[in-house]
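Structural description and commentary
The chain contents come next:
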Amino acid sequence: DGLDPEQRQVAETLRGPVCVIAGAGTGKTRAITHRIAYGVATGVYRPQSVFAVTFTVRAAAEMRERLGQLGAPSVQARTFHSAALSQLRYFWPKMYGSDLPRIMQSKYAFVAEAAKRMGVHGDRALIRDLAAEIEWAKVTQLPADEYASRAAGRGRQVGELDAATTSTVFMAYEDIKRERGFIDMEDILLLNAAILADEPRAAAEVRQNYRHFVVDEFQDVNPAQA
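All of the points below concern the structure found in this document. (Residues numbered from 1 in each chain as written. Predicted model: local features only at pLDDT ≥ 70, side-chain atom pairs only at ≥ 80, totals over all residues. Heavy atoms only, no water.)

This paragraph deals with the overall build of the chain. In terms of regular secondary structure, the chain is built from ten helices and five strands. Dimensions of the chain, computed from the C-alpha atoms along their principal axes, are close to 65 × 40 × 25 Å. With 226 residues in all, the chain has 42% of them scored as buried. Here the contacts in the chain between residues at least 6 apart in sequence split such that 70% fall between residues at least 24 apart. With an accessible surface of roughly 12,700 Å², the chain has 51% of that area assigned to carbon and sulfur atoms. Taking the average place of the 28 positive charges on the side chains of the chain and the average place of its 28 negative ones, the gap between the two points comes to 5 Å. (Helix = DSSP H or I, 4+ residues; strand = E, 2+ residues; numbered from the N terminus. Buried < 20%, exposed > 50% of the residue type's maximum accessible area, 1.4 Å probe, protein only. Contact = heavy atoms within 4.5 Å. Areas by Shrake-Rupley, 256 points an atom, 1.4 Å probe, with all protein chains shown as cover. Lys, Arg positive; Asp, Glu negative; His and termini not counted. Charge placed at Lys NZ, Arg CZ, Asp CG, Glu CD.)

Attention now moves to the nonpolar core. Core analysis: the largest hydrophobic core is formed by 25 residues, its most contacted members being Val111, Leu130, Tyr147 and Tyr173. Looking at this core, the elements that each hand over two or more residues are helix H5 (108–117), helix H6 (124–139), helix H7 (144–151) and helix H8 (163–180). The element contributing the most residues to this core is H6, with seven residues. Apart from the residues lying within four places of it in its own chain, the contact partners of Tyr173 are Met104, Lys107, Phe110, Val111, Ala114, Ile134, Lys138 and Asp184. Counting 22 residues, the second-largest nonpolar core is a separate cluster that includes Val53, Ala83, Leu189 and Val221. (Core = buried A, V, L, I, M, F, W, Y, C linked by side-chain atoms within 4.5 Å.)

Once that is clear, we can look at the packing of H5 against H6. Following both chains from N to C, one finds H5 and H6 inclined at 105°, their axes separated by 9 Å at the closest point. The angle between the axes of H5 and H6 places the two elements in the roughly perpendicular class. Of H6, the residues touching H5 (which contributes Tyr108, Val111, Ala112 and Ala115) are Arg124, Ile127, Arg128, Leu130, Ala131 and Ile134. In terms of residue class, the contact of H5 with H6 is built from eight nonpolar, no polar and two charged. (Axes fitted to C-alpha atoms, helices over the stretch in contact; angles between N-to-C directions. Parallel < 35°, antiparallel > 145°, perpendicular 65-115°, else oblique. Nonpolar A, V, L, I, M, F, W, Y, C, P; charged D, E, K, R; others polar.)

So, on to unusual backbone geometry. Of note in this structure, Gln141 is not a glycine but carries a positive phi near 60°. Tracing the backbone through its elements, the reader meets Gln141 in the loop between H6 and H7. By relative accessible area, which is 45% here, Gln141 ends up partly exposed. Phi is positive for Glu217, close to 55°, though the residue is something other than glycine. Secondary-structure assignment places Glu217 in the segment after strand E5 (212–215).

The next point concerns the packing of helix H4 (residues 80–96) against helix H9 (residues 185–198). Two numbers describe a pair of packed helices, the interaxial angle and the distance between the axes. Between H4 and H9, the least distance of the axes is 9 Å, while the angle of their chain directions is 55°. Classified by the angle between their axes, H4 and H9 sit oblique to one another. Judged by the twist between their axes, the crossing of H4 over H9 is left-handed. Of the residues in H9, those touching H4 at Phe80, His81, Ala84, Leu85, Gln87, Leu88, Phe91, Trp92, Met95 and Tyr96 are Met185, Ile188, Leu189, Leu191, Asn192, Ile195 and Leu196. Here the contact of H4 with H9 is built from residues that sort into 14 nonpolar, three polar and no charged. (Left-handed = near helix turned anticlockwise from the far one by under 90°.)

Quick look at the structure:
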């Protein structure tokens, strides 16, 4: 009750892949949360086997609140990074027998040190731009050792630096992270994806636990999230 015909069609379509195309303010989140709750209420979905992901902490909290109001409080709704970090903290010790490396709060100091190590001198704006470029390269799954050969073809440039120089800073940044025992926010996604791709036991456990996935704002996902 209370859904318009298009929202109701979304909510009642419980099986198979579904793509909801809707503009801002059209009740998209309302439709997909009702879809999850309807699936749980009708017994098509086990609440523990449903996983909803979105981009911001606020959006995830809103989804959890709506699902609770609709009678599905045990459905997980998280951000991509929160979901990946939860799985990474669970699987890392089981697969590698050690604690997960520390997570850096900011790239700036690490990138500044990498630039200095490579003889690149610049102001704060250049360091921020380098940090942003490293983030872009990682979420698009462009490794540091391939950046120089592929960045130019994608029209990428940081300030006045050529691609080879940016690549050396990128590689130095990765070296410093390993030396200090840190990972960054992009590594959370990449390492978790690598475990699921390379460790059959981990992939099998995820497949056993989760049968239904819902992605909010799918058009904004980057290759690492996908």
